[in-house]
Amino acid sequence: MSIHFSIHFITQWGESLHLVVHAINSAGELQESRFQLVCDTGFNWKADYTPSSGIRLIHYKYELVHSDKSIQRESGEFRKLILTQFTGDIQVIDYWRTPNGDSAFTSTVFSECYFKRSPLPSTINSLPVNLKDSLVLKLYCPQVESNYHLAVVGNQDCLGNWDVSKKVRLNETDFPLWSVTFESSEITFPLEYKYLLVNTETDEVLAWGGGPNRLVRSVDNQLTSIVTDEHFLRTIPSWRAAGVAIPVFSLRSKKGFGIGEFYDLKLMVDWAVLTGQKMIQTLPINDTILYHSNYDSYPYNAVSVYALHPVYLNLEAVGKLKDPERKTYFAAKKKELNLKSYSDYQLVMDLKWEYLSEIYKASGNKTFKTEDYKHFFDKNSTWLEPYAVFSYLRDKYGTPEFSTWPDYTTFDEERVRELASPRSECYQEVAFFYFLQYHLNKQLTEVHDYARSQGICIKGDIPIGVSPRSVDAWMEPEMFNTSKQAGAPPDDFSVTGQNWGFPTYNWERMEKDNYLWWKNRFRKLAEYFDAYRIDHILGFFRIWEIPEDAVWGLTGTFNPSLPLTTDELEAKGLQWDESRYLKPYLREHVLQAVFGKYTEEAIRVYFDQDGWQNYKFKEQFNTQKKVELHFASLGYNFAAKDVLIRDGLYQLHCEVLFLRDSRQPDKFHPRISMHSSATFRDLPDATRRLLDAIYVDYYYHRHNEFWKEQALKKLPALLSATNMLVCGEDLGMVPDSVPDVMRQLEILSLEIQRMPKKPHHEFAMPCDAPYLSVCTTSTHDMNPLRAWWLEDKALIQRFYNRALGMQGPAPENCEPWIAEKIIDQHLQSNAMWIILPWQDWMAIDDNYAHENPLSERINVPSNPRNFWCYRMHIHLEDLLKANEINQHILQMITASGRV
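Note that the structure is a prediction, hence the values are computed from the model and not measured.

Assigned secondary structure in the protein consists of 27 helices and 35 strands. With respect to the three principal axes, the spread of C-alpha positions in the protein is 100 × 80 × 70 Å. Looking at the protein alone, contacts between residues at least 24 apart form 72% of all its contacts between residues at least 6 apart. Counting every atom, the protein has about 38800 Å² of accessible surface; 49% of that belongs to carbon and sulfur. For the protein, the distance from the average site of its 95 positive side-chain charges to the average site of its 117 negative ones is 2 Å.

The following block contains the structure:
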């Protein structure tokens with residue numbers, strides 16, 4: 001058998017097309033080959049391929065090799081050709097596959113949930129046994145709803161001669177690849193045809209494919225010819241839907257234990273069905289237990305990128321207590337916790353730990369003997385054993401700071417396996433964590449299956465970082481830059497930047513095994529979710545990296561980056577002065593402006609004289625971390641004066657114009673937001689103008705292509721690990737290259753009305769949101785609508801007049817009709833997804849909105865010690881009975897066409 005490949009593609013001088021073939025034999029072994037195609041004068045590229053004996057299946061893809069030898073592969077999955085279907089030589093006519101906005105529809109969100117195809121009767125679209133001398137038309141089209149199908153009509157008798165009543169239905173066995181087969185001898189070439197979108201129940205033609213007629217000029221009748229078409233141009237509106245965002249810990253049910261649990265998501269699924277929503281978006285659900293305190297409520301501070309958080313377990317589903325006194329005790333505690341307006345994390349966790357420990361003693365060994373548990377353990381042991389040992393040692397030594405442990409400070413795989421072994425003296429303590437993770441996996445899997453069965457997708461969240469005190473940092477420290485801290489530069493959330501305290505990633509090391517650490521992480525998430533949000537996707541272009549001795553984010557730098565040499569700076573006209581530009585600018589008038597009436601005290605305690613009217617920090621306060629430790633030692637005897645002085649010291653540590661690069665000490669970065677510093681303001685006008693030009697070029701032009709290259713090295717490999725729908729949180733200081741990369745990879749962007757991406761715009765308009773996006777009113781890092789309305793009256797007045805198009809003064813409060821108008825703006829947009837915080841859905845009806853809008857915020861990003869405790873004020877069971885608001889939401893969504 002020979003396969004004759006042909007593709008029409010217009011190249012530039014010096015470019016060539018290549019074909020990559022993965023041939024698979026009957027034993028499942030893969031053979032890769034790569035060869036160049038030959039071009040004729042009409043830009044038709046051709047190549048012949050003869051598979052070796054025993055090859056049953058080939059996957060192939062086209063590559064464009066540029067003149068600089070860089071390689072660009074066509075988009076989408078590898079194409080597939082099942083050779084056992086053919087008896088002779090094959091002619092393959094392809095078209096280059098480019099991004100067409102369709103990749104989202106190949107995700108499991110659609111293939112396994114919304115667009116899942118029902119098996120067809122064998123009499124429909126069955127392929128002929130003998131395909132020799134046939135013409136096979138194929139169309140790659142994943143955006144076809146489950147109650148629709150594709151058909152074809154054309155200028156031949158066998159295609160109905162353009163009569164839609166004689167249309168031919170396409171075979172969907174290999175969905176999203178559709179196909180139909182004709183005998184070549186029945187066709188008089190040239191063949192013209194169009195694809196149709198058809199309602200399966202009524203047989204009504206809903207839409208003709210857009211664009212000109214498709215054309216096949218001729219084929220070789222001695223061969224089986226396969227024409228693979230691309231891009232069905234949909235001439236009816238694309239699929240759109242709505243959803244709700246709420247953390248799992250914020251759910252409230254009558255069966256809960258003071259905090260949201262995985263099983264509560266089932267009730268949320270039922271509510272989504274009632275209101276016409278299709279997605280529930282959550283926050284991260286990984287284990288964050290470090291200190292068994294409220295500090296652990298931070299869901300982005302993952303202790304393990306695989307382990308789930310035990311706080312989400314439904315206790316009675318794990319096991320029921322037999323002791324009547326203990327049952328009464330926990331029932332009373334449950335009632336007490338469920339009455340609270342917030343999730344009392346530490347108390348909930350302590351009581352659940354107590355309950356689960358008792359159940360484990362009673363049923364742990366029995367559980368370990370079950371086949372279901374054995375399967376779970378075998379599948380997950382690679383991460384489960386180190387995680388369990390780490391958790392045991394953390395609790396034994398009373399700290400997650402593994403560098404301070406008396407033993408096991410460095411991960412030793414052999415010694416860890418000994419502790420994890422059933423022969424170990426501490427096995428029962430270690431295995432407790434196996435027990436917890438088994439039940440967490442069991443409960444969340446049940447929820448995932450239930451959601452799919454109801455046509456609802458649950459969307460997870462991938463945090464950008466992991467805790468420096470995590471099992472991941474303990475096991476694989478080479479994957480991280482543990483002497484650095486990840487964060488974000490100053491933005492609308494925090495003028496001093498954000499310091500998340502996570503180590504940054506060692507991307508050079510991760511690249512060596514093609515980012516396997518990340519791929520495994522994504523694959524684990526795919527067991528529970530069909531979509532995910534990449535937290536701070538900008539971190540895959542570059543991360544804001546803060547020195548380990550800093551507290552604020554102002555003295556961070558981007559990594560990777562292209563820092564400036566002194567030669568470059570001087571070539572731009574700057575007279576380099578290391579002392580003036582790198583040392584904190586601590587002139588007396590600057591200190592007076594910062595400390596006011598406390599200036600003399602601050603100078604006496606924290607500074608030494610360093611020349612006339614100039615100062616330097618005393619050694620014990622010469623870093624922000626030293627300052628932080630000093631004020632932390634004061635305990636709770638903290639006065640307003642102490643806060644002013646502490647923050648003033650932090651500010652003065654940032655009074656520099658440039659920062660030395662930690663990896664290349666002879667190179668420098670302009671300090672972010674230098675314009676707001678006293679050291680900048682005191683410079684001559686000419687120097688300020690020069691620094692401003694250097695600053696703008698450095699942060700907005702110099703790195704665009706460089707950061708694009710970094711993202712395109714990482715993201716395609718990571719995204720290929722699963723078939724989940726990918727959404728990127730692309731907020732903050734966004735490089736110009738980010739939208740281009742996200743469009744190229746068809747990653748859904750995040751669009752927020754109060755965070756416009758267009759320069760010089762105060763508000764974004766939902767109607768401008770791109771189709772491949774998630775559009776929302778707010779996030780967990782912001783105030784929901786009603787609280788936002790109370791933040792800044794002048795801003796709200798402008799929003800009311802400009803964004804809402806209303807006349808006159810804005811109402812004092814965000815009244816239900818205002819919330820409805822804002823939400824309707826979003827629902828009417830072209831964005832694929834409108835996913836709104838649950839609080840904002842409730843804002844359309846005063847009977848269901850919380851009485852205090854300010855109590856609905858989830859997180860304050862500028863506060864690294866934020867207590868994550870927000871909880872719904874309505875039981876889910878009661879919400880399901882709230883017909884008035886449920887019907888209201890359903891009507892709004894239905895009217896917008898998002899069904």
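Next up on the list: the pattern of salt bridges. Evaluation of the coordinates by the stated rule reveals 48 salt bridges. Across the salt bridge formed by Arg 469 and Glu 401, the nearest N and O atoms sit 3.5 Å from each other. With Arg 469 in the loop between β21 (457-462) and α9 (471-475) and Glu 401 in the loop between α6 (371-397) and α7 (413-420), this residue pair connects regions lying 68 residues apart in the sequence. Glu 401 sits in the partly exposed class, given a relative accessible area of 28%.

What follows deals with the packing of helix α16 (residues 624-632) against helix α17 (residues 640-653). Two elements in contact, α16 and α17, have axes separated by 9 Å at closest approach and are oriented at 170 degrees. Comparing their axes, α17 and α16 come out roughly antiparallel. Touching Gln 624, Val 627, Glu 628 and Phe 631 of α16 are Asp 642, Ile 645, Arg 646, Leu 649, Tyr 650 and His 653, all from α17. Here the contact of α16 with α17 is composed, by residue class, of five nonpolar, two polar and three charged.

Bringing the pairing of strand β34 (residues 773-776) into the picture now. Burial along β34 is two-sided: Ser 773 and Cys 775 facing one way and Val 774 and Thr 776 facing the other are all buried. Both strand β33 (residues 749-752) and β34 contribute to a ladder of four bridges, which runs parallel. Among the inter-strand pairings, Glu 751 is bridged to a residue of β34, identified as Cys 775. Where β34 meets strand β35 (residues 833-837), two bridges bridge the pair, whose relative direction is parallel. What sits directly across from Cys 775, in β35, is Ile 834.

Each neighbour pair has its own omega, and for Phe 175 with Pro 176 the value is 15 degrees, a cis peptide bond. With respect to the secondary-structure elements, Pro 176 resides in the loop between β13 (171-174) and β14 (177-183). In this structure, Pro 560 follows Asn 559 across a cis peptide bond, with omega equal to 0 degrees. By secondary structure assignment, the location of Pro 560 is in the loop between β26 (557-559) and β27 (564-565). In this model, Tyr 515 sits at a positive phi of 60 degrees, which is unusual for a non-glycine residue.

Moving on, we come to a negative patch on the surface. Taken together, the side chains of Asp 133, Asp 157, Glu 183, Glu 186 and Asp 220 define an acidic patch exposed on the protein surface. As for its placement among the helices and strands, Glu 183 is situated in strand β14. A relative accessible area of 45% means that Glu 183 is categorised as partly exposed.

Right, let's talk about the sheet that holds β26 for a bit. The strands that make up a sheet pair up through hydrogen bonds in the backbone, lying either parallel or antiparallel. Strand order in the open sheet formed by four strands is β23-β22-β25-β26, and the pairing between neighbours is antiparallel. Across the chains shown, the open sheet's two edge strands, defined by having one partner strand only, are β23 (498-505) and β26. Strand after strand, the sheet turns through a mean of 55 degrees between neighbouring axes, direction not considered. As judged from the five bridges shared by strand β22 (residues 480-488) and β23, these two strands associate in the antiparallel manner. When the sheet's bridge partners are listed, Ala 488 is paired in β23 with Gln 498.

Turning our eyes to something else, we now look at the confidence of the model for the protein. Across the protein, the average pLDDT comes to 95, with 98% of residues at 70 or higher. The low-confidence segment residues 125-129, where pLDDT is below 50, has 12 contacts with residues more than four positions distant or belonging to other chains.

The topology assignment puts Arg 580 in helix α13 (residues 578-582). It is Asp 682 that comes nearest to the buried, bridge-free Arg 580 among opposite-charge side chains, at 5.8 Å. Excluding residues within four positions of it along the chain, Arg 580 makes contact with Tyr 585, Leu 657, Thr 679, Asp 682 and Leu 683.

Here we come to the sheet that holds strand β19 (residues 241-245). Spatially, eight strands are ordered β32-β24-β21-β20-β19-β35-β34-β33 in an open sheet, and the strand pairing comes out parallel. Strands with a single pairing partner mark the edges of an open sheet, and in this sheet they are β32 (725-728) and β33. Between one strand axis and the next, the sheet turns through 25 degrees on average, direction left out of account. Note: β21 against strand β24 (residues 531-534), four bridges, orientation parallel.

Definitions and cut-offs
- Residues numbered from 1 in each chain as written.
- Predicted model: local features only at pLDDT ≥ 70, side-chain atom pairs only at ≥ 80, totals over all residues.
- Heavy atoms only, no water.
- Helix = DSSP H or I, 4+ residues; strand = E, 2+ residues; numbered from the N terminus.
- Contact = heavy atoms within 4.5 Å.
- Areas by Shrake-Rupley, 256 points an atom, 1.4 Å probe, with all protein chains shown as cover.
- Lys, Arg positive; Asp, Glu negative; His and termini not counted.
- Charge placed at Lys NZ, Arg CZ, Asp CG, Glu CD.
- Salt bridge = Lys/Arg side-chain N within 4 Å of Asp/Glu carboxyl O.
- Buried < 20%, exposed > 50% of the residue type's maximum accessible area, 1.4 Å probe, protein only.
- Axes fitted to C-alpha atoms, helices over the stretch in contact; angles between N-to-C directions.
- Parallel < 35°, antiparallel > 145°, perpendicular 65-115°, else oblique.
- Nonpolar A, V, L, I, M, F, W, Y, C, P; charged D, E, K, R; others polar.
- Pairing = 2+ DSSP bridges.
- Patch = residues over 30% accessible without salt bridge, like charges linked within 9 Å, V, L, I, M, F, W, Y side chains within 5 Å.
- pLDDT = per-residue confidence, 0-100.

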